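Residues per chain are reported as follows:
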Amino acid sequence: MHEIKIAEDLSAIVLETAKEEKLSKVTRVNIIFGQLVQIVPEIFEFAFKESVRDTVANDAELFIEIVPVKMRCIKCGNDFQVKENRFECNVCRSTDLNIISGKELFVKSIEGEQIWK
Amino acid sequence: MEIKIMKNILDRNQNKADEVRKLLELKKVIMVNIISSPGAGKTTLLERTCEEFGEKFRIGIIEGDVTTDRDAQRLKKYGIPIVVINTEGGCHLDSHSISKVLDYFELDKLDVLFVENVGNLICPSQFDLGESFKLALVSTTEGDDKPDKYPMLFREAKAVLLNKIDLVPYTNFKYNNFRSDLKRINANIPLFEVSCTRGDGLKEWFEWISGQINNLN
């Protein structure tokens, strides 16, 4: 259900940017989600569509890139991808880790046109 | 044409959370964001905690509730400041709603502010409230698979409480599954196995939380 709030915040950023850039139409929105945030893409797309209805982003297509969970080992410096929720360095077995990716809720860019009739 | 944005979608929430955190640090109040499923025992945990610390610490409570104030009614008897945030169906609290209700508290007269988030294991984990730390509360009757299903919460929390251990004989809950899954996800996280109704294990929790309050103050 958090998809709804996140979709609303995304549409606010998209519409604000479209206004600043004087876009007549937003055609595509590129976003990045980390695997840890557990967003259901279908619900998110539905919520986004609803929140941009009858705006310049009415027909915008949503492109969601899901990035895997990656950690860096504080002890040995190894970067690795977390599989099956195993948060342990796959080289030295240390569990002192920093997250590199996996928590993203990012809007990367929008694409659009400036054709005003 | 493509316009680069590269921005956190929850920027607005994050900025407000940063403000809340700064204010609470200045006032030397620690804020504990309690996240659990509905019915895991958040309110009962707060009842026991208020009974234990009523004299020792100055406690305030923010109750996130979907529609009612029933949890707040249960806590009224302790005579501590409580504010209810009704989310009107919303599945989580956010930093803006927290910031608004902070005005109702005399922060100079508080040591700790417990936030009872809306019962849900996914959504509240995404929204920083400006808390000092998150606390994950799960109960044995929910099954032993919660850490594996909701890894984000168990990575982000500073401690885990496993409640209703008195009911284990009536469930298929396996301690080994729960402990090993939690260890795989967050090896160093403190785990308190308790029964908030019967009192088992609460001593260790009280010691830990008073240590946290004393350290941050």
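The text that follows walks through the structure, step by step, so that each part is easy to find. (Residues numbered from 1 in each chain as written. Chains lettered and ligands numbered in written order. Predicted model: local features only at pLDDT ≥ 70, side-chain atom pairs only at ≥ 80, totals over all residues.)

**Focus: the overall build of chain A**
Phase 1: Looking only at helices and strands, chain A has 2 helices and 6 strands in total.
Phase 2: Moving toward the C terminus, one meets the helices and strands of chain A in the order α-β-α-β-β-β-β-β.
Phase 3: The globule rule puts the C-alpha radius of gyration for 117 residues at 13 Å, and the 18 Å found for chain A is more than 25% above it.
Phase 4: With the C-alpha coordinates aligned to their principal axes, the bounding extent of chain A is approximately 60 × 25 × 15 Å.
Phase 5: Classification of the 117 residues of chain A by burial places 32% in the buried group.
Phase 6: Long-range pairs, those at least 24 residues apart, make up 73% of the contacts in chain A between residues at least 6 apart in sequence. (Helix = DSSP H or I, 4+ residues; strand = E, 2+ residues; numbered from the N terminus. Rg over C-alpha atoms; globule rule 2.2 N^0.38 Å. Buried ≥ 20, exposed ≤ 12 C-beta atoms within 10 Å, placed from the backbone. Contact = placed C-beta atoms within 7 Å.)

**A few points about helix H8 (residues 175-185) of chain B**
Residues and elements named next belong to chain B.
Phase 1: Burial in H8 covers these residues: Phe178, Leu182 and Ile185. Looking down the long axis of H8, one finds its buried residues gathered within 65° of arc, a one-sided arrangement.
Phase 2: Those residues of H8 that are buried are in contact with helix H6 (146-149), helix H7 (151-156), strand E7 (159-163) and strand E8 (191-193). (Arc of directions from axis to C-beta.)

**Topic: the interface of chain B and chain A**
Phase 1: Between chain B and chain A, the residue contacts involve 25 residues of the former and 24 residues of the latter.
Phase 2: No other element matches strand E1 (residues 2-8) of chain B, which puts 7 residues into the side of chain B that touches chain A.
Phase 3: Taken together, the residues of the side of chain B that touches chain A sort by class into 13 nonpolar, 5 polar and 7 charged.
Phase 4: Here strand E6 (residues 105-113) of chain A runs beside E1 of chain B; their pairing, made up of 5 bridges, is antiparallel. Along E1 of chain B, the bridge assignment pairs Val107 of chain A with Lys7 of chain B. (Nonpolar A, V, L, I, M, F, W, Y, C, P; charged D, E, K, R; others polar. Pairing = 2+ DSSP bridges.)

**Some remarks on the sheet that holds strand E4 (residues 79-81) of chain A**
Residues and elements named next belong to chain A.
Phase 1: Strand order in the open sheet formed by 3 strands is E4-E3-E5, with antiparallel pairing between adjacent strands. On the outer flanks of this sheet lie E4 and strand E5 (97-101), each paired with one strand and no other. Put simply, the sheet's adjacent strands are angled 35° from each other on average, direction ignored.
Phase 2: When strand E3 (residues 70-73) meets E4, the two strands line up antiparallel, connected through 3 bridges. Looking across to E4, one finds that Arg72 is bridged to Asp79. (Axes fitted to C-alpha atoms, helices over the stretch in contact; angles between N-to-C directions.)

**Considering the nonpolar core**
Phase 1: Core analysis: the largest hydrophobic core is formed by 59 residues, its most contacted members being Val112, Phe114, Val115, Ala136 and Leu161 of chain B.
Phase 2: Judged by nonpolar contacts, the second largest core, of 22 residues, contains Ala7, Val29, Ala60 and Ile110 of chain A. (Core = buried A, V, L, I, M, F, W, Y, C linked by C-beta atoms within 7 Å.)

Distances and angles like these do not, on their own, reveal function.
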